[in-house]
Structure formats: C-alpha cells, structure tokens
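# Summary of structural features
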Amino acid sequence: MAQSKTFYITTPIYYPSGKMHIGNAYTTLFCDVLKRYKSAQGYDTYYLTGMDEHGKKVESAALEAGLSAQDHVDQIAEDTKALWSLMDIEYDDFIRTTEKRHKTVVQTFFEQLLKQKDIYLGHYEGHYCMHCESFFTETQVGEDHLCPDCGRPTQILQEESYFLKLSKYSKKLHDFITENPDFIQPESRRNEVLSFIEGGLNDLSVSRTTFDWGIKVVSDPKHVVYVWLDALTNYVSALGVLDQDPMLFDKYWNGDEVLHVVGKDILRFHAIYWPIMLMALDIPITFKLYAHGWYMMKDGKMSKSKGGAIYPEPFIKRYGLDAMRYYMMRELPFGGDGLFAPDAFLERTNFDLANDFGNLLNRSVAMVNQYFAGEVAQKNAQTPFDTELEAKVEQTVKTYDHLMDAYKPADALGEVFSLISRANKYIDETTPWVLAKDPAQKDVLEDTLYHLVESLRIIGILLHPVMPEAASQLFDYLNVSSDHQTFESRVFGHHPIYRVAKKVTPLFPRLDVEKELAHLKDSSPAKKAPKIEPLKDEILIDDFAKLDLRVGVVIACKAHENADRLLVSTVDLGEEKPRQIVSGIAGHYSPEAMVGKKVIVVANLKPVTLRGELSEGMLLAGSNAKALEVVELKTLNPGDLVK
Ligand SMILES: [Zn+2]
C-alpha cells in the first residue's frame with residue numbers, strides 16, 4: 001500500500017490570561033475541522049495545540065491569586081483542555097512551554113544562535129511601568145506615555161537584552177515570500193508582510209532580566225528568553241526536533257503539508273520571526289500560514305478587559321455542540337471578520353439546521369416508512385428531476401473539496417446547504433404524495449425516495465468534519481455502515497439499498513428566538529447588574545472546614561525587594577515562631593501601616609516562594625476594582641480560630 005500523505009496542523013499556543021473565548025475557540029475548531037477533513041481524505045494527520053505559559057503577566061496573575069506560577073498555569077491548562085474536550089477537538093498533542101521537552105529545545109536553539117552570532121547582547125530601551133514591572137512600546141503607551149495595564153505614568157528605561165539579527169535575514173525572507181506565493185494566505189496579508197519587510201526590520205529583543213518566569217539563558221542565567229523565541233519554537237519542540245531519532249519531526253515537519261493557523265493579529269510574528277529563526281537554525285521552512293479574521297460583537301472587537309467577550313460554553317450547553325460548531329464555522333468568511341450575534345446564531349440554528357437540514361431528514365425517513373415500510377432501493381425509473389439532483393450532488397462534492405482544500409470551510413458549508421435546499425425543492429417538484437396515489441408510479445416513487453436518502457448520506461459525509469455528532473446520528477437513522485461514510489463513497493448510487501429507522505427525533509429542535517434571546521441576556525455575565533461577581537459553585541460545610549483560619553498580629557512588615565506590588569509581613573500566630581507572609585497589597589498599604597494590625601490568616605495554605613520570598617499563608621482581604629482592605633479584628637488574640 002502506498003504511504004499516506006502527511007498533514008501537520010497547528011493552532012498558536014494560547015496565553016493563559018483567563019478563560020478561552022470565542023476567538024481562541026474559533027482557531028482551535030478551524031484546525032479540528034481541517035484535520036477531520038484531511039483524515040477523511042486519507043492523510044496521516046497530526047494536530048498540535050497548547051499553551052504559552054511564560055512571562056511577566058503570568059507571574060503577576062499568579063501572585064494575585066496567591067498561587068505559584070506553575071500552579072496557576074496548571075489550572076488554566078486543565079480548564080483549557082476541558083473546553084477543547086467539550087468542543088470535541090481531536091488534537092494529537094498539547095504542548096506547554098513550561099514542559100522540559102520544550103525548554104531544552106529553546107535553550108539549545110538560543111545557545112546555537114548565540115554561538116553563530118545571530119544573537120548578540122545589547123540594550124533594550126522602552127517605556128517601563130514601575131508598578132507593573134513591564135516594558136511597553138511607543139504605540140502601547142500612547143501620547144501620554146501611560147501604562148496600558150494600570151494607567152500610571154511610565155518612564156524610559158534601559159535594560160540589557162539579547163537580540164536576534166532579523167536584519168541579516170531580511171532579504172532572504174523577502175525572496176522566500178516572493179518565490180512562494182502561497183506561503184501566506186490570504187494574499188492581502190502576504191502583501192502586508194512584504195511591505196513591512198520593505199520598511200526595514202529592527203533586530204528583535206529576545207531576552208529579559210526584569211522577571212524570572214521564563215526559560216533561563218544557559219550561558220547567562222540572569223536572562224530569561226523573551227516571548228517569541230520561546231513561543232514559536234513549540235511547533236518543532238512538540239515534534240521532538242532534537243530527539244536522537246526525531247520520528248515525528250521527520251514525518252510531519254518534513255512531510256507533505258504543514259499549516260500554521262493564526263489570528264491576523266499575530267501573523268507578522270509567524271511570517272517574519274519564525275521563518276528567520278528557522279533560516280538561522282538551518283531548519284527547512286515547510287509550513288504555510290493562514291491568518292483568519294476575528295469574530296466581532298455588535299459593539300466592536302471582543303475584549304476580556306471590558307467584559308465584552310463571548311464564551312462558547314453557554315451556547316454548547318443549551319443548544320448542543322454541533323449548532324455551535326456550525327455557526328462558528330459558517331459565519332467567519334475566508335480571511336475576513338465576522339459578527340458573533342446571539343440572534344443570528346438562533347436564526348441560523350432554526351433556518352439552516354432545524355428547518356432545512358433537520359426537516360429534509362425527517363420528511364425523507366417518514367416517507368420511506370410510510371410508502372415502503374422503511375426499505376427502498378435504487379430503481380431504473382430515472383426522471384429529469386433525478387438527473388438534476390444527481391448532478392447537483394456531484395458538483396457540490398467537487399466544489400466542497402476545492403473550497404476545503406483552500407481553507408474555506410464557511411464557503412464549503414454554503415455549498416452543502418445549497419444542496420440541502422435543492423433536495424427540499426426536489427420533494428416539492430416530485431410530489432411523492434401524489435405519486436403514491438398511482439400504483440403505476442411505484443418505481444418512480446421508490447427511486448425518488450432513494451434519491452433523497454442517498455443525497456442525505458452524502459450530505460452527512462460532507463457535514464461530518466464540522467458536525468460530527470449530527471452526521472453520525474444521520475448515519476444511524478439511515479442505517480449506513482462505516483464503509484459507506486468514507487470520502488471515496490461520496491458517489492451517487494454507492495449505497496444501493498436503505499433500511500431506515502422507524503422514526504427520527506429532530507436533530508435540531510426549533511428554538512423560540514424571543515425566549516432564547518431573553519435567556520441569553522439573563523445568563524450573560526456582562527449584562528448582569530454591574531460588578532457583581534457570579535457566585536462560585538456550591539460547597540458543603542466540610543469543604544469550608546478544610547480551611548484553617550487564625551487570628552494573627554503583624555509584628556513587622558517590609559517591601560518586597562523584587563516586586564513593587566508585594567509586601568512581606570512577619571505575622572505572629574501564637575506559634576513558636578512567627579511566619580512570613582507575602583501579600584499583593586503594596587499599592588494599598590505602606591509597610592508601616594501594616595504593623596500592629598490583627599489580621600485573619602489562612603494558616604494551612606501550602607507554603608510557596610513568591611519572587612524569592614517564602615510565603616507561609618495568606619492574609620484575608622476584600623477588594624473591588626479600585627480598593628483593597630485587609631480584614632481586621634479588634635480584641636481576639638494571636639492563634640484564636642476564625643470559623
Ligand atoms: Zn502599570
């Protein structure tokens with residue numbers, strides 16, 4: 001048997017800044033759909049996704065949550081995997097940049113590039129926010145030079161940094177893109193990248209000394225590798241590029257097709273930094289890039305910080321996974337932006353799925369039962385309507401393949417639904433209920449119903465990559481064995497006899513749009529009474545009893561040497577020795593103000609080290625967007641229990 005062609009597809013690795021929203025879900029689903037399509041086509045496929053877990057922001061978010069950075073990213077990775085499993089994403093590997101298999105590769109690449117002088121030591125200058133301990137670019141801080149995260153004034157600071165020599169490879173990359181016209185899609189994006197290169201490339205800062213949460217530079221460990229050099233490497237580290245016997249790498253990276261799918265906001269990094277890194281490392285550039293647009297909300301771009309993001313879970317839980325997968329794939333045109341609007345979602349579910357597709361299946365199966373006791377075969381009673389329908393099926397399969405091969409699932413779905421409405425029209429044209437009254441037309445009627453179920457079988461195969469659940473239900477109702485669900489079997493007449501189910505439960509129940517809109521509005525956190533956090537899951541008294549809360553007195557307090565937001569308190573809990581507790585309260589209390597406070601301490605919290613200081617517990621505090629107050633007691637003594 002001939003060896004299958006290979007197809008390696010990747011999402012970007014996602015930054016763990018919170019729950020994954022529709023934007024990340026779209027990219028991940030897009031790759032899942034293409035992987036399923038290519039697998040059906042006979043490709044040997046490999047699908048990689050994962051998390052980009054390093055950086056200053058992760059470190060800070062973990063501090064705020066009172067967790068070690070590793071515990072924090074572990075939690076988000078689990079939540080993310082749970083969402084992909086809810087969405088039935090069939091990825092083959094989930095890489096995390098905190099894994100050893102990845103770190104080793106980044107460190108080796110860095111040293112190699114340093115040795116061959118493609119990386120050199122210099123100085124990075126930028127707008128620095130003391131509070132957030134982060135550098136920002138000119139564009140990020142705007143005219144007033146304010147921190148984009150906290151709004152405080154920034155100052156220009158210099159820091160020692162390693163740089164990757166982008167400039168050296170600029171011409172070579174420009175040539176590569178010109179010689180490979182399908183390297184970047186869509187074409188408009190390719191032109192954007194070319195003119196960016198023509199504007200001149202600055203060398204890229206690839207290390208930082210202002211935070212620890214990253215991969216250490218082996219030969220100069222006060223530096224950690226900064227963002228892109230770390231993140232982009234995942235596409236080959238996951239394949240074991242440096243393994244003694246790099247089986248996956250040889251097979252998939254150097255295989256037949258490699259596709260990186262990215263949002264248009266990170267195209268430049270993938271179209272410029274990544275190929276230059278590969279050129280410098282002497283690794284072949286085998287991939288193609290597809291940059292998709294964004295889902296917008298009615299009032300503009302989705303933004304987590306403004307509370308304006310849509311999450312997939314509520315839609316999946318209420319309307320089923322396939323309705324959601326269908327809408328997400330259908331509404332975003334190739335390379336462009338789309339609108340994610342709940343009313344449009346409900347209408348598409350009703351019109352396309354419940355009415356057109358669902359009804360076609362219901363009516364067809366009902367008629368096969370009514371007129372032929374559930375069993376029909378292909379007859380030699382071809383009418384012009386039949387010929388026309390067969391031609392439409394054949395043409396749809398062809399166009400669908402062409403569009404899917406060009407990464408255009410939205411258009412491919414459009415073709416399938418045009419076939420579905422053609423098949424519905426075929427019922428009106430052939431009027432089976434009239435044929436049924438004339439015994440002389442028995443064969444014509446049977447052939448008509450055969451044409452309907454045979455079309456439905458092929459429709460099921462075409463919809464399978466996007467709606468796997470609905471397709472497999474359809475195959476069950478039509479009693480189609482798996483060898484008639486294949487890519488090759490998408491030929492009219494391939495399945496000659498049908499014995500269908502007695503009854504079909506509608507695949508997509510019709511929704512009351514008004515009622516559902518009201519429901520979605522009520523359950524959307526953004527639309528609720530402002531600033532009230534949703535309640536967490538219910539717990540039992542036993543869960544609460546696991547917390548050991550004690551009164552403590554702050555006997556000393558100082559600023560954390562390596563973190564502006566942290567105070568390091570010495571707290572007497574009535575134990576033999578006072579404890580050291582690190583808290584993110586520096587913006588709200590001076591060290592002096594803390595001394596003497598009677599506080600409540602979570603005394604059985606596992607100790608962690610926060611930016612080099614041991615923290616043996618946590619102080620309770622209340623907070624909102626503006627203020628933070630440490631909870632205080634008046635007359636109790638150190639060690640007294642709080643229950
Ligand atoms: Zn700031």
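Residues numbered from 1 in each chain as written. Predicted model: local features only at pLDDT ≥ 70, side-chain atom pairs only at ≥ 80, totals over all residues.

## Focus on the overall build of the chain
When helices and strands are tallied, the chain shows 22 helices and 27 strands. Seen through its principal axes, the chain has C-alpha atoms that stretch 100 × 65 × 50 Å. Burial analysis of the chain (643 residues in total) assigns 39% to the buried set. Intrachain contacts of the chain at a sequence separation of at least 6 include 71% that bridge at least 24 residues. (Helix = DSSP H or I, 4+ residues; strand = E, 2+ residues; numbered from the N terminus. Buried ≥ 20, exposed ≤ 12 C-beta atoms within 10 Å, placed from the backbone. Contact = placed C-beta atoms within 7 Å.)

## Some details on the pairing of strand 21 (residues 598–602)
The side chains of a regular strand alternate between both faces of the sheet. In terms of strand pairing, strand 18 (residues 549–559) meets strand 21 through 5 bridges, oriented antiparallel. Bridge pairing in strand 21 links Gly 552 to Val 599. When strand 21 meets strand 24 (residues 618–619), the two strands line up antiparallel, connected through 2 bridges. Note on strand 24: the bridge partner recorded for Val 602 is Met 618. (Pairing = 2+ DSSP bridges.)

## Looking at the sheet that holds strand 14 (residues 300–301)
Here 3 strands make up an open sheet; going across it, the order is 14-13-15 and the pairing mixed. Two strands lie at the open edges of the sheet, namely strand 14 and strand 15 (338–339), each paired on one side alone. Pairing of strand 13 (residues 295–297) with strand 14, which is carried by 2 bridges, proceeds in the antiparallel orientation. Paired with Met 296 across the strands is Lys 301, a residue of strand 14.

## Considerations on the domain arrangement of the chain
Domain boundaries in the chain define domain 1 (6–118 + 165–292), domain 2 (339–499) and domain 3 (544–642). One C-alpha centre belongs to domain 1, the other to domain 3, and the line joining them spans 40 Å. Every contact between the two is made by 4 residues of domain 1 and, on the other side, 6 residues of domain 3. By residue class, the composition of the side of domain 1 that touches domain 3 is 1 nonpolar, 2 polar and 1 charged. (Domains from an automatic or database assignment. Nonpolar A, V, L, I, M, F, W, Y, C, P; charged D, E, K, R; others polar.)

## Topic: helix 16 (residues 409–430)
Between its terminal C-alpha atoms helix 16 stretches 31 Å, which fits the 32 Å expected from 22 residues at 1.5 Å a residue. Listed in full, the buried residues belonging to helix 16 are Pro 409, Ala 412, Leu 413, Glu 415, Val 416, Phe 417, Leu 419, Ile 420, Ala 423, Tyr 426, Ile 427 and Thr 430. Lining the buried residues of helix 16 we find helix 1 (22–40), helix 13 (321–331), helix 14 (342–372), helix 15 (384–405), helix 17 (432–435) and helix 18 (442–463). (Expected span 1.5 Å × (residues − 1).)

## With respect to the packing of helix 14 against helix 16
Contact geometry for helix 14 and helix 16: axes closest at 10 Å, N-to-C directions at 50 degrees. As summarised for this structure, helix 14 and helix 16 are arranged oblique, according to the angle between their axes. For the pair helix 14 and helix 16, the sense of crossing is left-handed. Across the interface between the two elements, Asp 352, Asp 356, Phe 357, Leu 360 and Arg 363 from helix 14 touch Phe 417, Ile 420, Ser 421, Ala 423, Asn 424 and Ile 427 from helix 16. Class assignment of the residues belonging to the contact of helix 14 with helix 16 gives a composition of 6 nonpolar, 2 polar and 3 charged. (Axes fitted to C-alpha atoms, helices over the stretch in contact; angles between N-to-C directions. Parallel < 35°, antiparallel > 145°, perpendicular 65-115°, else oblique. Left-handed = near helix turned anticlockwise from the far one by under 90°.)

## A look at the environment of Ala 471
Mapped onto the elements, Ala 471 comes out in helix 19 (residues 468–478). For Ala 471, a count of 21 C-beta atoms within 10 Å corresponds to the buried category. It is 29 Å that separates the C-alpha atoms of Ala 471 and Met 296, two residues lying 175 residues apart in sequence.

## With respect to unusual backbone geometry
Here the amide bond leading from Gln 185 into Pro 186 is cis, since omega sits at -5 degrees, within 30 degrees of zero. With respect to the element layout, Pro 186 can be found in the loop between strand 7 (184–185) and helix 7 (187–198). Residue Lys 117 is not a glycine yet carries a positive backbone phi of 65 degrees. For Lys 117, the location among the structural elements is in the loop between helix 4 (100–115) and strand 4 (119–129). The backbone of Asn 479 shows a phi angle near 60 degrees, a positive value even though the residue is not glycine.

## Re the packing of helix 6 (residues 166–179) against helix 7
A packed helix pair is summarised by two numbers, namely the angle formed by the two axes and the spacing between the axes. Helix 7 packs onto helix 6 with a crossing angle of 155 degrees between their chain directions and a minimal axis gap of 10 Å. What the angle tells us is that helix 6 and helix 7 run roughly antiparallel. When the axes of helix 6 and helix 7 are compared, the crossing they make is left-handed. Where helix 6 approaches helix 7, its residues Ser 170, Leu 173, His 174 and Ile 177 are matched on the opposing element by Arg 190, Val 193, Leu 194 and Ile 197. Looking at the contact of helix 6 with helix 7 residue by residue, the class counts come to 5 nonpolar, 2 polar and 1 charged.

## Describing the pairing of strand 2 (residues 44–51)
Burial of strand 2 is extensive: 7 of the 8 residues sit out of reach of the surface. Pairing between strand 1 (residues 6–10) and strand 2: 5 bridges, direction parallel. Opposite Thr 10, over in strand 2, you have Leu 48 as the bridge partner. You can see the chain leave strand 1, run along helix 1 and come back into strand 2, and the turn it takes is right-handed. The sheet contact formed by strand 2 and strand 3 (residues 93–96) spans 4 bridges and is parallel. Counterpart to Met 51 in the pairing with strand 3 is Arg 96. (Right-handed = clockwise from strand over helix to strand, strands pointing away.)

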